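# An overview of the molecular structure
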Amino acid sequence: YQLLTDRFADGEPRNNEAFAGGFDVRDMTFRHGGDFKGLTEKLPYIKGLGCEAIWISPIFQNGDNMYHQYAQHDFTLLDRRLGTLEELRNLTNTAHSLGMYVLVDVVMNHMDNEFYFEGHQSNSTPFRFHGDGANQEYKLVPRRAEEDMFETPAGRQPYMDFWYNNTWDASASY
């Protein structure tokens, strides 16, 4: 049974506004408050449908109003709007006690739009091979203001635990 956690069941309304804005059940483009606690409460219903597993949307820290959870900022932190680590463990333990599996969707290439390629902030970037004559690799530029970035060992970065640089290795093979 595949589901978007935010759209399924709101078991803890106090976590709906964990970040500023983005919660409004009257607007289908906003977050609706579904969370681990609400999903845990509905597991007997899902099991009653004959399902032996649930496949939930990504669980990591996400963009402000990304109800689908496919705009991760940090693959090491739970999104607090979905609940706590204890609530996720309770969801998993409850599912297992019902003989069900829990699959968590993890899509590493779905991150929030924190960067653009130099010269292409609001349009698409034309394809070109790396090192195509005078045209070299596009330079990656963060969208965040310097003061809104995190201090990391690699300097100020948009992501706390994922660092980038614009180094191009001409000998790399693909």
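Reading guide: rules and limits
- Residues numbered from 1 in each chain as written.
- Predicted model: local features only at pLDDT ≥ 70, side-chain atom pairs only at ≥ 80, totals over all residues.
- Heavy atoms only, no water.
- Helix = DSSP H or I, 4+ residues; strand = E, 2+ residues; numbered from the N terminus.
- Buried < 20%, exposed > 50% of the residue type's maximum accessible area, 1.4 Å probe, protein only.
- Contact = heavy atoms within 4.5 Å.
- Pairing = 2+ DSSP bridges.
- Salt bridge = Lys/Arg side-chain N within 4 Å of Asp/Glu carboxyl O.
- pLDDT = per-residue confidence, 0-100.
- Core = buried A, V, L, I, M, F, W, Y, C linked by side-chain atoms within 4.5 Å.
- Phe/Tyr/Trp six-rings, centres within 6.5 Å; stacked < 30°, edge-to-face > 60°.
- Patch = residues over 30% accessible without salt bridge, like charges linked within 9 Å, V, L, I, M, F, W, Y side chains within 5 Å.
- Areas by Shrake-Rupley, 256 points an atom, 1.4 Å probe, with all protein chains shown as cover.
- Polar contact = N/O pair within 3.5 Å; in protein donor to acceptor, adjacent residues only side chain to side chain.

Right, let's talk about the side chain of His-120 for a bit. Locating His-120 in the fold gives a position in the loop between β6 (115–117) and β7 (140–142). Since its relative accessible area comes to 17%, His-120 is described here as buried. Those residues in contact with His-120 that lie beyond four places of it in its chain are Thr-125, Pro-126 and Tyr-138.

What follows deals with the sheet that holds strand β5 (residues 101–104). In space, the three strands of this open sheet follow the order β1-β2-β5, with parallel pairing throughout. For this open sheet the edge positions go to β1 (2–3) and β5, each flanked by a neighbour on one side alone. Note that β1 and strand β2 (residues 53–56) share two bridges and pair parallel. Directly across from Gln-2, in β2, lies its bridge partner Trp-55.

The next thing to look at is the pairing of β2. Side-chain alternation along β2 places Ile-54 and Ile-56 on a buried face and Ala-53 and Trp-55 on a face that remains uncovered. Of the strand pairs in this sheet, β2 and β5 are connected by four bridges, and their pairing is parallel. Within β5, the position partnered with Trp-55 by the bridge is Leu-103.

Time to look at the pattern of salt bridges. Evaluated as defined, the whole model comprises six salt bridges. Put simply, Glu-12 and Lys-37 hold a salt bridge, and the shortest N to O gap is 4.0 Å. In this pair, Glu-12 is assigned in the loop between α1 (5–8) and α2 (36–48) and Lys-37 in helix α2, connecting sequence segments 25 residues apart. Assessed through its relative accessible area of 12%, Glu-12 is described here as buried.

What follows is about the confidence of the model for the protein. In this model, the protein carries an average pLDDT of 83, and 86% of its residues clear a pLDDT of 70 or more. Here strand β4 (residues 72–78) is the element of the protein with the lowest mean pLDDT, 77, and α2 is the one with the highest, 98.

What follows deals with the nonpolar core. Within the largest apolar cluster, 15 residues are counted, with the highest numbers of intra-cluster contacts made by Phe-36, Leu-39, Ile-46, Ile-54, Ile-56, Ile-59 and Leu-91. Elements represented by at least two residues in this core include exactly α2, β2 and α3 (85–97). Among the elements that take part in this core, α2 stands out by supplying four residues, more than any other. Residue contacts for Leu-39: discarding those within four places in its chain leaves Leu-3, Phe-8, Ala-9, Ile-46, Ile-54, Ile-56 and Leu-91.

Per the counting criterion, the structure on display carries one aromatic pair. Seen from their ring centres, Tyr-1 and Phe-8 are 5.9 Å apart, and the 75° between their planes marks the pair as edge-to-face. Classification of Phe-8 as partly exposed rests on a relative accessible area of 24%.

Our focus in this paragraph is a nonpolar patch on the surface. A cluster of nonpolar residues, Tyr-1, Tyr-45 and Leu-49, forms a patch on the protein surface that exposes about 310 Å² of accessible area. Among the secondary structure elements, Tyr-1 is positioned in the segment before β1. With relative accessibility at 35%, the residue Tyr-1 sits in the partly exposed group.

Let us now look at the side chain of Asn-15. Position of Asn-15 relative to the elements: it lies in the loop between α1 and α2. At 3.4 Å, the side chain of Asn-15 forms a polar contact with the backbone oxygen of Arg-81. Setting aside anything within four residues of it in sequence, one finds Asn-15 in contact with Gly-33, Asp-35, Arg-80, Arg-81, Leu-82 and Gly-83.

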